[in-house]
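Here is how the chains run, residue by residue.
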Amino acid sequence: MKIFLTGGAGYIGSVCTEQLLNEGHEVAIFDNLSEGHRRAIDPRAQFFEGDLAHRDQIETALASCRSDAVMHFAANALVGESMQNPSKYFRNNISNGLNLLDAMIAAGVRRIVFSSTCAIFGPPDRMPIDETASPRPISPYGESKLAFEKILRWYDEIYGVKFVCLRYFNASGATEKFGEDHRPETHLIPAVLKVALGEKPNLEIYGTDYETPDGTCIRDYIHIVDLARAHILALGATASGFYNLGTGGGSSVREVIAACRKITGRNIDTIEKPRRPGDPARLIASSEKIKSELGWQPQFQSLDAIIESAWKWHEKFPRGYAE
Ligand code: UDP
């Protein structure tokens, strides 16, 4: 298939591009390089430098591509930043996404796989979180992704756009070539590994008074190769749908730090800080639906395996994608 992929210079988009190409698909990337990196673009992919905020740019690129499906990764994705700057999140994640959908209609592309998030749920009533849980986002980031999921339902009903929304829990890990390099880095695993590399003096732990066994937040860390696999399976889905994607297990911030100390063999200093606004205490996925409907199975079940792959990438590219 030919896939038109927004955000292919970013962390998850770059790995998904790599896996699609490895499986013999063609990929055209559309990215404005605001968050992503030119060096994260797989050289085998076609590349359009453009911005979803400019409808003409996305329309022209899509019209020239004759793609079978769109994968939409391009977005802002930081809970904390969205609490400071909600407008950026509503504009980029909703309005710009609408430009993409309208360009798809104009180009006759009727299939999309959308990068959604567990942040649409907010504090859950029960754990693990399955697809019947009520979405009650507690950040503009989660709200913006939920809004786009709702818009997709209407584009399916009115225009017949088939969609699969994949609600990622905590994407992590790396392949040999592609890994996580955000500027600034706010995600836990790469932030801890930067301390191990000596690039940061210490790791700030955001909140030690949560109602969890060790007082720190628990998240479900899922390897990006497993996420990429889910996207490829989603291309074959016969009906539109929403799927939660995690491993079904959770690790606390302190457990992640301990695993990083063990795997890197380095000292990792920490300091305790107040809670970060917008962070629920525990988020763990049930992925039974995607397993039974699309045949998805995660290969990376352990936190250690995920961190080992990330550490290999960080050791090989200590400055990330910087020249
Ligand atoms: N976290 C932390 N220190 C950091 C980065 C993250 O304590 O430097 C915590 C954060 O508060 C959350 C968890 O680690 O409880 C995972 O955060 P991340 O930003 O990686 O992912 P999120 O769950 O926000 O998508």
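See the structure shown above.
What you are looking at is a predicted structure, and each value in this text was computed from that prediction instead of being measured. (Residues numbered from 1 in each chain as written. Predicted model: local features only at pLDDT ≥ 70, side-chain atom pairs only at ≥ 80, totals over all residues. Heavy atoms only, no water.)

### A short note on the sheet that holds strand E9 (residues 218-219)
How we decide: In this analysis, strands are considered paired if DSSP registers two or more bridges between them. The way it works is that DSSP assigns letters per residue, a run of H or I at least four long becomes a helix, a run of E at least two long becomes a strand, and they are numbered from the N terminus.
Pairing is mixed across the open sheet formed by 3 strands, whose spatial order is E12-E9-E14. Since the sheet does not close on itself, it has two edges, and those belong to strand E12 (251-252) and strand E14 (282-283), each with one partner. Summarising the sheet, E9 and E14 pair through 2 bridges and their orientation is parallel. Residue pairing in the sheet places Ile-218 in a bridge with Arg-282 of E14.

### As for the packing of helix H6 (residues 188-196) against helix H8 (residues 253-264)
Stated precisely, the cut-off is as follows: Angles shown run from 0 to 180 degrees and are taken between the N-to-C directions of axes, each axis being a line fitted to C-alpha atoms and, for helices, limited to the stretch in contact. An angle counts as roughly parallel when it lies under 35 degrees, as roughly antiparallel when it exceeds 145, as roughly perpendicular when it falls between 65 and 115, and as oblique in every other case. Crossing handedness is defined as follows: a turn of the near helix away from the far one that is anticlockwise and smaller than a right angle gives a left-handed crossing, while the clockwise case is right-handed. It only takes one pair of heavy atoms within 4.5 Å for two residues to be counted as in contact. Amino acids outside the nonpolar list (Ala, Val, Leu, Ile, Met, Phe, Trp, Tyr, Cys, Pro) and the charged list (Asp, Glu, Lys, Arg) are all regarded as polar, and Gly is one of them.
For the pair H6 and H8, the least separation of the axes is 10 Å and the interaxial angle reads 40 degrees. Put simply, H6 runs oblique to H8. In this structure, H6 crosses over H8, and the sense of that crossing is right-handed. Residue-level contacts link Leu-188, Ile-189, Val-192, Leu-193 and Ala-196 of H6 to Val-253, Val-256, Ile-257, Cys-260 and Thr-264 of H8. For the contact of H6 with H8, the per-class residue count stands at 9 nonpolar, 1 polar and no charged.

### Focus: H6
Our working definition: Here the term buried applies to any residue with accessible area under 20% of the maximum for its type, exposed to any over 50%, and partly exposed to those in between, with areas from a 1.4 Å probe on protein chains only.
Across the 9 residues that make up H6, a large majority, 9, are buried. Turning to H6, its buried residues are Leu-188, Ile-189, Pro-190, Ala-191, Val-192, Leu-193, Lys-194, Val-195 and Ala-196. Buried residues in H6 make contact with strand E7 (170-172), strand E8 (203-206), strand E10 (221-223), H8 and helix H10 (303-316).

### A word on the packing of aromatic side chains
Convention followed: Side-chain rings of Phe, Tyr and Trp (the six-membered ring for Trp) are treated as a pair once their centres are within 6.5 Å; stacked means planes under 30 degrees apart, edge-to-face means over 60, and tilted covers the remaining angles. Lysine NZ or arginine CZ positioned within 6 Å of the ring centre and within 35 degrees of the ring normal marks a charge as sitting over the ring.
Applying the stated criterion to the full structure yields 8 aromatic pairs. Taken together, the ring pairs in this structure connect Phe-4, Phe-30 and Phe-48 into an aromatic cluster. Taking the ring centre of Tyr-210 as reference, the NZ or CZ of Arg-275 above it sits at 4.0 Å. Over the face of the ring belonging to Tyr-243 we find Lys-289, whose NZ or CZ atom lies 4.7 Å from the ring centre.

By themselves, these figures tell us nothing about what the structure is for.
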